[in-house]
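Residue-level structure breakdown
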Protein chains: 2
Amino acid sequence: MSHELVSVAALTERVEAIFVKAGFSADHAATLGRAIVAGERDGCKSHGVYRIAGCLRTLEAGKVVPDADPVVAEPDGAIIRVDAKGGFSNLAFARGLPVLAEQARKSGLAALVINDCVHFAALWPEIEDITAEGLAGMAMCPSYATVAPVGGTEPLLGTNPFAFGWPREGKNPYVFDFATSVVARGEIELYRRAGDPLPEGWALDADGKPTTSPEAALDGAMLPFGGHKGSAISTMIELLAGALIGDFTSDKALEWLGTTTIAPRHGELILAFDPERFAGGRADPRATAEAFIGAIEGQGARLPGQRRFAARAEALRDGIPLTKAELDELDRLEKEGAA
Amino acid sequence: MSHELVSVAALTERVEAIFVKAGFSADHAATLGRAIVAGERDGCKSHGVYRIAGCLRTLEAGKVVPDADPVVAEPDGAIIRVDAKGGFSNLAFARGLPVLAEQARKSGLAALVINDCVHFAALWPEIEDITAEGLAGMAMCPSYATVAPVGGTEPLLGTNPFAFGWPREGKNPYVFDFATSVVARGEIELYRRAGDPLPEGWALDADGKPTTSPEAALDGAMLPFGGHKGSAISTMIELLAGALIGDFTSDKALEWLGTTTIAPRHGELILAFDPERFAGGRADPRATAEAFIGAIEGQGARLPGQRRFAARAEALRDGIPLTKAELDELDRLEKEGAA
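Note that the structure is a prediction, hence the values are computed from the model and not measured. (Residues numbered from 1 in each chain as written. Chains lettered and ligands numbered in written order. Predicted model: local features only at pLDDT ≥ 70, side-chain atom pairs only at ≥ 80, totals over all residues. Heavy atoms only, no water.)

**Some points on the packing of aromatic side chains**
- Scanning the entire structure with this criterion turns up 27 aromatic pairs over all chains.
- With a centroid separation of 6.1 Å and an interplanar angle of 40°, the aromatic rings of phenylalanine 162 of chain A and phenylalanine 176 of chain A are classed as tilted. With a gap of 14 residues between them, phenylalanine 162 of chain A in strand S6 (residues 161–166) and phenylalanine 176 of chain A in strand S7 (residues 174–179) connect regions that are remote in the sequence. For the pair phenylalanine 162 of chain A and phenylalanine 176 of chain A, one class covers both residues: buried.
- On the numbers, 6.4 Å between centres and 55° between planes, the contact of phenylalanine 162 of chain A with phenylalanine 178 of chain A is tilted. One end of the pair, phenylalanine 162 of chain A, is in strand S6; the other, phenylalanine 178 of chain A, is in strand S7, with 16 residues separating them in the sequence. Here phenylalanine 162 of chain A and phenylalanine 178 of chain A have matching classes, each one buried.
- What links up through ring pairs into an aromatic cluster is the set Phe162, Phe164, Tyr174, Phe176, Phe178 and Phe225 of chain A together with Phe162, Phe164, Tyr174, Phe176, Phe178 and Phe225 of chain B.
- Taking the ring centre of tryptophan 256 of chain A as reference, the NZ or CZ of lysine 63 of chain A above it sits at 4.3 Å. (Phe/Tyr/Trp six-rings, centres within 6.5 Å; stacked < 30°, edge-to-face > 60°. Helix = DSSP H or I, 4+ residues; strand = E, 2+ residues; numbered from the N terminus. Buried < 20%, exposed > 50% of the residue type's maximum accessible area, 1.4 Å probe, protein only. Lys NZ or Arg CZ within 6 Å of the ring centre and 35° of its normal.)

This is how it looks when you write it as structure tokens:
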């Protein structure tokens, strides 16, 4: 596919301008732009330019506050709470991050709770911001109910992403970020467009019966990854990043929104761990981790996130490759906003 | 299979006496006995009477300190550290638990770090102790290297259990506890004895090639559950409950022990979350959780741990059913100690 190379700075400027024109405050436009461009830069097209229209549709539907001014509360013990005030999560996270990092260094372990945010982004950029502080991080959030618990028949769980990162000096961090559903919903859409049957074990139809039909799956429910274990982890995410923090679980998020076609509103939970404090002067945590990560690579297994880091290195050197369709989409968004 | 019903109190007394006779301190005998009897009471035979001999063999091999006196350090921020001093983890956890609970109420979130413990127990009894305090809990630990990372060829990860619990008023807590390998090693042993081939995707042979032969699998490596996602979670456990806390990863644990036939030495990480503090006066976390858990049950999906709770109710009412072989094993252990 032919493409044009666009610098990170140039793409950021275009994306920010689209958000500003649509009515977002400069702060929101900047953090939204950063998230979208990070997706494109790292070859994660599913979180790139393609997402802009969804963000704008969420605004047009009145389901996000474009100039919300997130408020970071004084730390309550090890808990840092950010009220996103109905705005996109990205700005709330950016404001909470320095306080989270400071508290993690102070108490060894700290939690960032984001409430009442609208969420469309991958979690790995946030995890990378935490590892850049020399901390380990864990992040999770609900979504809208599109996944049936194992043994169940109806959508109840969200695709509930779970992400973790470990800082590595002078190297890209160890980072993973995945949906706790077998696949993301967009993957099923790709099978539908291609007219291919789904692999077994991905989805249920509207009657709660296993199906390999993409259409039936989109009317029914996806399944969690890893059988009852993945289902349990996804449930944990509902309880910790929903109930625990006084926010929506995925069923309530869907009820509130009434659709899965725009970005959902719920909360997010992020934990930060300070390796020095946790190790308490025993074996060097960084050296132990490097030996272990080295042993994974040493037997030829790939670390998660490597494709992203490779794409990033190329994009920073050569520019971000955008297709004609993506450039046309940017042109259109600049002129018309969301479709 | 014919069996005899033994009361929890009577079995506890017999098991404790076996540990005392073997040379364990009264405190260790009590916490070991409690763990073994909890396994039998809840129908988890894999963590019941069958484990006693392994504990005694660990002692005979000089790989556990039978009268270790675990020391709970003053809280360092949100971190409570217990030095198990080479003893079994159970006593270290019991001593750390009240301090963990107090700190979790004080700072909303707290971590219990156990170092230099010898580990043979399931994590759900510890998680239940945390939920009994009205807190949510997460626990994890390495093991010895018997699992290859996805894409790798050799044992490096442990079976690395991951457990979580949520407190429910007047009801059994929501609790899960599972190995992050496809199955526990004992399961492969059962296939070997039955002469049955393993399902695809469970294991690699000694050359790192996929195998369905139980013998080849036992000489090779197991695989993580859930493909690259389970492999990532298992790696996270090595980093958080190994490197982070200044303790062994699973490869180092195996190196130190030199065998997988007795209990491994490493550390453990347990997090406790106070729902009231995390919810911060927003939606009631318990009510939200009850609605969500009710919705799981409402569509016919089983909650994790239900088989254990059912077995427990029966055992507390009627006694614990022990087979002739298990009673003979107790007799033998009382007379001879480990084989």
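**Topic: the sheet that holds strand S6 (residues 161–166) of chain B**
All names here are of chain B.
- Strand order in the open sheet made by the seven strands is S2-S3-S4-S11-S5-S6-S7, with mixed pairing throughout. Single-partner strands in this sheet number two, and they are strand S2 (71–72) and strand S7 (174–179).
- Bridge count for strand S5 (residues 136–140) against S6 is four bridges, and the pairing is antiparallel. Residue pairing in the sheet places alanine 139 in a bridge with alanine 163 of S6. (Pairing = 2+ DSSP bridges.)

**Considerations on the side chain of arginine 286 of chain A**
All names here are of chain A.
- If you trace the backbone, arginine 286 turns up in helix H11 (residues 285–298).
- A residue is classified by how much of its surface remains accessible, and arginine 286, at 18% relative accessible area, is buried.
- Engagement of the side chain of arginine 286 in a polar contact is seen with the backbone oxygen of glycine 134, the distance being 3.2 Å.
- When near neighbours in sequence (up to four residues on either side) are disregarded, arginine 286 contacts Gly134, Pro167, Glu169, Pro275 and Glu276. (Polar contact = N/O pair within 3.5 Å; in protein donor to acceptor, adjacent residues only side chain to side chain. Contact = heavy atoms within 4.5 Å.)

**As for the packing of H11 of chain A against helix H8 (residues 227–243) of chain B**
- Following both chains from N to C, one finds H11 of chain A and H8 of chain B inclined at 155°, their axes separated by 10 Å at the closest point. In terms of orientation, H11 of chain A lies roughly antiparallel with respect to H8 of chain B. Along this stretch, H11 of chain A crosses H8 of chain B, giving a crossing that reads as right-handed. Contacts from Pro285, Thr288, Ala289, Phe292, Ile293 and Ile296 of chain A of H11 of chain A reach H8 of chain B at Thr235, Glu238, Leu239 and Ala243 of chain B.
- Of the residues in the contact of H11 of chain A with H8 of chain B, the class split is seven nonpolar, two polar and one charged. (Axes fitted to C-alpha atoms, helices over the stretch in contact; angles between N-to-C directions. Parallel < 35°, antiparallel > 145°, perpendicular 65-115°, else oblique. Left-handed = near helix turned anticlockwise from the far one by under 90°. Nonpolar A, V, L, I, M, F, W, Y, C, P; charged D, E, K, R; others polar.)

**Some thoughts on the nonpolar core**
- Within the largest apolar cluster, 91 residues are counted, with the highest numbers of intra-cluster contacts made by Met236, Leu269 and Phe273 of chain A together with Met236, Leu269 and Phe273 of chain B.
- Discounting residues that sit within four places of it in the chain, leucine 269 of chain B has contacts with Phe273 and Phe278 of chain A together with Ala111, Leu112, Val113, Met138, Ala139, Met140, Leu240, Ala241, Leu244 and Ile245 of chain B.
- In this structure, Phe19, Ala53, Val64 and Leu333 of chain A belong to the second largest nonpolar core, which totals 29 residues. (Core = buried A, V, L, I, M, F, W, Y, C linked by side-chain atoms within 4.5 Å.)

**What to know about the interface of chain A and chain B**
- Taken together, the contact pairs 72 residues of chain A with 72 residues of chain B.
- For the pair chain A and chain B, the summed buried area comes to about 5800 Å², and 72% of that belongs to carbon and sulfur atoms.
- Counting every contact that joins chain A to chain B gives six salt bridges.
- A salt bridge links arginine 277 of chain B to aspartate 76 of chain A, with the shortest nitrogen-to-oxygen separation between them at 2.6 Å.
- Summed over the shared surface of chain A and chain B, the number is 24 residue pairs in polar contact (both at pLDDT 80 or more). (Buried area = accessible area lost by both parts, 1.4 Å probe. Salt bridge = Lys/Arg side-chain N within 4 Å of Asp/Glu carboxyl O.)

**Side note on the domain arrangement of chain A**
Residues and elements named next belong to chain A.
- Structurally, chain A comprises domain 1 (1–60 + 305–339) and domain 2 (73–181 + 224–303).
- For domain 1 versus domain 2, the distance between C-alpha centres works out to 23 Å.
- The interface of domain 1 with domain 2 comprises 24 residues on the first partner and 21 residues on the second.
- Summing both sides of the interface, domain 1 and domain 2 together bury roughly 2000 Å²; the carbon and sulfur share of this comes to 61%.
- Between domain 1 and domain 2 we count three salt bridges in total.
- Ionic pairing is found between arginine 312 and glutamate 128, a salt bridge with its closest N-O pair at 2.7 Å.
- At the surface where domain 1 touches domain 2, the tally comes to six residue pairs in polar contact (both at pLDDT 80 or more).
- A total of ten residues in the side of domain 1 that touches domain 2 trace back to one element, the largest contributor, which is helix H2 (residues 26–41).
- Partitioned by chemical class, the residues of the side of domain 1 that touches domain 2 number eight nonpolar, eight polar and eight charged. (Domains from an automatic or database assignment.)

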